[in-house]
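# Per-entry structural report
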Amino acid sequence: MVPRGLPSVVLMLSVLIVSEVRLYREGLAELLAREGALHIIGTAAHTADALTQACELAPAVVLLDHAVAESLTFSRLLNQVRPQILVVALGLPESDDAVLSFAEAGIAGYVARDGSVQDVVAAIESAARGELRCSPQLAGTILRRLAWRAAVGGDPAPQTALTSRETEIVRLIDQGLSNKEIAVRLGIEVATVKNHVHNLLEKLRVHRRAEAAARLRSRDPHFLTARASRSLKD
Amino acid sequence: MDRLRILIVVGSPLLRDILVRGLSREPRLEVEALPTSPSDEALASALLRHEPDAILLGDEAALESRDALRLLYDHPQTVIITLEDDGKTAAVRRLQPEVSFLTDVSIQALVGSILQTCESIE
C-alpha cells in the first residue's frame, strides 16, 4: 500500500525489441507502447546492435524475434553478461526442441508463433514475475528433461573457486598466450604455470586450456564482456 | 473522395494486429480484417461481401502467383498485396498485368503503395 500523501508509483517494464523484420519491429513498438505497464526503450534489427543497446540501456526485458540470425547465441551471451535482463523469445514454433533450445540459452519466456499482442504482453509480464506461460505438455517435457539430466549427470557439481592467480592465468590463456609467455608475463617459472594450469583444469573439470576460458566466461558474467560483444559483431 | 477499402487476410494474430493498427492510422483507408486464414470459398465470399479496393494477404494466407491471377480476373478492380514469409518483402499485383515489389516493408510503404496503386486505377 502506498502511504497517504505520497504519489503512487507505477512500475513500468522497460522493453527492447529485437527483430530483423521492420514491420514487426515498428509495429510491436507501437502496439506495446499502448500497454500501460510497458515502456519501449529501443529497437534493434541485429543481435550485435541489440547487445550494445541492452548493455547501455539495461532494459528489464528483451523481446527477441526467434528468427533473428544468431538469436540463440545472443540469448546465451546476454544471459552471461547481463543475467538480470530477461529474454522473451517471439514467434517460437510450438515444438519441444525449439522451446528447449531457447530455454537452455536462458530465455525467461516465449510467445508461440500464433500468439497475439495480448500473449506478448502476458509473456513479458509473466517473465518479470518469474513465471513461465507454457502448455502443460511443454511443462511435462521440461520436467522429463531435468530428470534425464540429473540421471546422466549433465549438470556439473559446484566447483571449487579459482584463486586470483589461476583466474589471471585463464585470462592470459584466453588471450592466446602459451605457458612460456604466461611465465614471462607473470615473472614466474614455466613449471609453476603448468602447475597452476593443471589445478585450474581440475577445478573447472575440463581437459583443455581453451575449455577453461570458455567455462570461466560462462560462470562469471563480467569475465571478458568486451570479448563477448566483439564476437557478435565479428 | 471515398475511402479506399482494405481487407486484411493474415493468419498470424500478431501480424494482423500490427497491420490493422498501422493501416487504420491512415484516414484515407477503411480497414477490415478477417479473423483467421480463410478457405478459398470463404475468401471469395469475403471479397463479394466487402468489395475491397485492395486485399492484403500475409504469410500462410499468401497466394501463389497463379491463384492471385485468378483472383484478379474475378475481381479486376482489386489490388492484391501479398506479404512474403520473411515479412520483409511484398508483391503488389493489379490487373495490368503488373507486379511491383516492396523491400524493407513498413506501414508507410504499404500505405503509399495502396494509395498510389488504387488511386491510379480510378
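This text goes with the structure placed above it.
This report concerns the structure included in the present document. (Residues numbered from 1 in each chain as written. Chains lettered and ligands numbered in written order. Predicted model: local features only at pLDDT ≥ 70, side-chain atom pairs only at ≥ 80, totals over all residues. Heavy atoms only, no water.)

Here is the key point about a regular strand: its side chains alternate between the two faces of the sheet. All names here are of chain A. One ladder, built from six bridges, connects strand E1 (residues 13–18) with strand E2 (residues 38–44); its direction is parallel. Residue pairing across strands places Leu 16 opposite Gly 42, the latter belonging to E2. Remark: the E1/helix H1 (residues 22–33)/E2 crossover connection has right-handed handedness. (Pairing = 2+ DSSP bridges. Helix = DSSP H or I, 4+ residues; strand = E, 2+ residues; numbered from the N terminus. Right-handed = clockwise from strand over helix to strand, strands pointing away.)

Next up on the list: the nonpolar core. Counting residues in hydrophobic clusters, the biggest one holds 49 residues, and the most contacted among them are Leu32(A), Leu63(A), Ile124(A) and Leu23(B). Beyond its immediate chain neighbours, meaning those up to four positions away, Leu23(B) contacts Ile6(B), Ile8(B), Leu29(B), Val31(B), Leu56(B), Ile107(B), Leu110(B), Val111(B) and Ile114(B). Leu16(A), Leu64(A), Val81(A) and Phe102(A) belong to the second-largest nonpolar core, a separate cluster that totals 21 residues. (Core = buried A, V, L, I, M, F, W, Y, C linked by side-chain atoms within 4.5 Å. Buried < 20%, exposed > 50% of the residue type's maximum accessible area, 1.4 Å probe, protein only. Contact = heavy atoms within 4.5 Å.)

Okay, the pairing of strand E4 (residues 86–92) of chain A next. All names here are of chain A. Within E4, six of the seven residues are buried, which leaves it mostly tucked inside the rest of the structure. Relative to E4, strand E3 (residues 61–65) runs parallel, the two being bridged by five bridges. In the sheet register, Leu 64 faces E4, and the bridge partner there is Ala 89. At this point the chain moves from E3, through helix H3 (residues 71–81), to the parallel E4, and the crossover so formed is right-handed. Pairing of E4 with strand E5 (residues 109–112) involves four bridges; the strand directions are parallel. Looking at E5, one finds that Leu 92 is bridged to Ala 112. Between the parallel elements E4 and E5, the chain passes through helix H4 (residues 96–104) in a crossover that is right-handed.

A separate point is the layout of surface pockets. Taken as a whole, the largest pocket encloses approximately 540 Å³ of empty space. In terms of lining, the largest pocket is formed by 26 residues, of which the most central are Tyr24(A), Asp65(A), His66(A), Arg113(A) and Asp85(B). Grouping the constituent residues of the lining of the largest pocket by class yields 10 nonpolar, six polar and 10 charged. (1 Å grid on protein atoms, 1.4 Å probe; cavity = no way out; pocket = protein on both sides within 12 Å on 5 of 7 lines; lining within 4 Å. Points joined across faces, edges and corners; volume = space filled by probe spheres on them. Nonpolar A, V, L, I, M, F, W, Y, C, P; charged D, E, K, R; others polar.)

Take the environment of Leu95(B) next. With respect to the helices and strands, Leu95(B) occurs in the loop between strand E5 (90–94) and strand E6 (98–102). When the C-alpha positions of Leu95(B) and Ile80(B) are compared, they lie 9.3 Å apart, and in sequence the two are 15 residues distant.

Quick look at the interface of chain B and chain A now. Taken together, the contact between chain B and chain A spans 19 residues of the former and 19 residues of the latter. The contact between chain B and chain A buries some 1500 Å² in all, and 63% of this surface belongs to carbon and sulfur atoms. Ranking the residues of chain B by area buried against chain A places Leu14(B), Ile18(B) and Arg21(B) at the top, with a combined share of 37%. Residues Glu30(A) and Arg25(B) are paired through a salt bridge, measuring 2.2 Å at the closest nitrogen-oxygen approach. Linking chain B with chain A are three residue pairs in polar contact (both at pLDDT 80 or more). Among the secondary structure elements, those contributing two or more residues to the side of chain B that touches chain A are helix H1 (13–24) and helix H4 (107–121) of chain B. (Buried area = accessible area lost by both parts, 1.4 Å probe. Salt bridge = Lys/Arg side-chain N within 4 Å of Asp/Glu carboxyl O. Polar contact = N/O pair within 3.5 Å; in protein donor to acceptor, adjacent residues only side chain to side chain.)

The next point concerns empty space enclosed by the protein. Residues and elements named next belong to chain B. For the structure on display, the rule yields one cavity of 30 Å³ or more. As for the largest cavity, its lining consists of Leu 47, Ile 55, Leu 71, Leu 72, His 75, Thr 78 and Ile 80. Residues that form the lining of the largest cavity fall into these classes: five nonpolar, two polar and no charged.

What follows concerns unusual backbone geometry. All names here are of chain A. Positive phi, close to 50°, is recorded for Ala 58, a residue that is not glycine. Note on placement: Ala 58 falls in the loop between helix H2 (47–57) and E3. The phi dihedral of Glu 70 falls on the positive side, at around 65°, and the residue is not glycine. Along the chain, Glu 70 turns up in the loop between E3 and H3.

Right, let's talk about the sheet that holds E3(A) for a bit. Residue and element names in this part refer to chain A. One open sheet accounts for five strands, arranged E2-E1-E3-E4-E5; its pairing is parallel. Strand pairing shows two members of the sheet lacking a second neighbour, E2 and E5, which therefore form its edges. Neighbour to neighbour, the strand axes of the sheet diverge by 20° on average, direction disregarded. (Axes fitted to C-alpha atoms, helices over the stretch in contact; angles between N-to-C directions.)

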